[in-house]
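Chain by chain, the residues run as shown.
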Amino acid sequence: MKLRLPQALAVKILAEARAAGGRECCGLILGSLDGETAVAAALHPARNLAPASDRFEIAPEDHFSALRAARGSGQAVIGCYHSHPNGVARPSAHDLEGAGEENFLWLIATPGGELAAFVYRGGSMLGADWVTSSS
Ligand SMILES: [Zn+2]
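Just so you know, these numbers come straight off a predicted model, no measurement behind them.

**Q** Could you give an account of the pattern of salt bridges, naming the residues involved and the relevant values?
**A** What the rule picks out here adds up to four salt bridges. E36 serves as the salt-bridge partner of R121, at 3.2 Å between the closest nitrogen and oxygen. Residue R121 is found in strand 6 (residues 115–121), and its partner E36 is found in the loop between strand 2 (26–34) and strand 3 (37–46); the two are separated by 85 residues along the sequence. For R121, a relative accessible area of 24% puts it in the partly exposed group. When the shortest N-O distance is used, the salt bridge between R55 and D54 registers 3.9 Å. What makes D54 partly exposed here is its relative accessible area of 49%. Among the ionic contacts, a cluster of salt bridges with common partners joins R47, E61 and D62.

As structure tokens, then:
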């Protein structure tokens, strides 16, 4: 799986990761799937309800509003993003536990400016290539 991510969205995710400080930021990614290429079109930031600082739990009403926004623009919720304040841009054991939707994209950012993409497939998180685009 390959992800086309507009530069502006990558910058926005990294800015949210920095702004969240010692906590995880989180949100959903709207876009479309074209075979093995996912095209991100917009971000839908969400509130993190997790009490622990090394977890995230997207507020259900924010998830619903993302689904509504996607439907309204002819898109789908193709993935999620969150940050790891500990600086490691890899899925945690807890992330893997929380994953369930096949071919769902997972973007992980660090406050230090790292950004990595994964796709949940067949029970594991596989690294996904991502390229930035100008639109
Ligand atoms: Zn995580």
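Structure's up, so let's keep going.
**Q** So what about the side chain of E16? Which residues, and what values?
**A** In this fold, E16 is placed in helix 1 (residues 7–19). One buried charged side chain, E16, makes no salt bridge at all; its nearest oppositely charged neighbour is K12, positioned 5.1 Å away. Excluding residues that lie within four positions of it along the chain, E16 makes contacts with C25, C26, P45 and Y81.

**Q** Before we move on, can you summarise the pairing of strand 4 (residues 76–83) with the specific residues and values?
**A** Judged by how many residues are buried, strand 4 sits mostly within the fold: seven of eight residues are covered. Sheet topology places strand 2 next to strand 4; six bridges connect them, and they run antiparallel. The residue of strand 4 that forms the bridge with G31 is A76. By the bridge criterion, five bridges tie strand 4 to strand 5 (residues 104–109) in an arrangement that is parallel. Across the sheet, C80 pairs through a bridge with W106, a residue of strand 5. One crossover worth recording links strand 4 to the parallel strand 5 by way of helix 3 (residues 93–98), and it is right-handed.

**Q** Give a description of the coordination of the zinc ion that names residues and reports values.
**A** Around the zinc ion, the protein contributes the donor atoms H82 (NE2), H84 (NE2), D95 (OD) and D95 (OD), at 2.0 to 2.5 Å from the metal centre. Angles of 56 to 156° at the metal separate the four donor atoms of the zinc ion, which places the site in the irregular class. Read N to C, the donor residues that coordinate the zinc ion are spaced as H-x1-H-x10-D. In this pair, H82 is assigned in strand 4 and D95 in helix 3, connecting sequence segments 13 residues apart. Like D95, H82 is buried.

**Q** Please set out the packing of aromatic side chains residue by residue, giving values where relevant.
**A** Within the structure shown, the criterion is met by one aromatic pair. Where F56 meets W106, the ring centres are 6.0 Å apart and the plane angle is 70°; that geometry is what we call edge-to-face. With F56 in the loop between strand 3 and helix 2 (60–72) and W106 in strand 5, this residue pair connects regions lying 50 residues apart in the sequence.

So, how was this worked out
Residues numbered from 1 in each chain as written. Predicted model: local features only at pLDDT ≥ 70, side-chain atom pairs only at ≥ 80, totals over all residues. Heavy atoms only, no water. Salt bridge = Lys/Arg side-chain N within 4 Å of Asp/Glu carboxyl O. Helix = DSSP H or I, 4+ residues; strand = E, 2+ residues; numbered from the N terminus. Buried < 20%, exposed > 50% of the residue type's maximum accessible area, 1.4 Å probe, protein only. Lys, Arg positive; Asp, Glu negative; His and termini not counted. Contact = heavy atoms within 4.5 Å. Pairing = 2+ DSSP bridges. Right-handed = clockwise from strand over helix to strand, strands pointing away. Donors = N, O, S within 2.8 Å, 3.2 Å for Na, K, Ca; no water. Tetrahedral: all angles 85-135°; square planar, octahedral: opposite > 155°, others 65-115°. Phe/Tyr/Trp six-rings, centres within 6.5 Å; stacked < 30°, edge-to-face > 60°.

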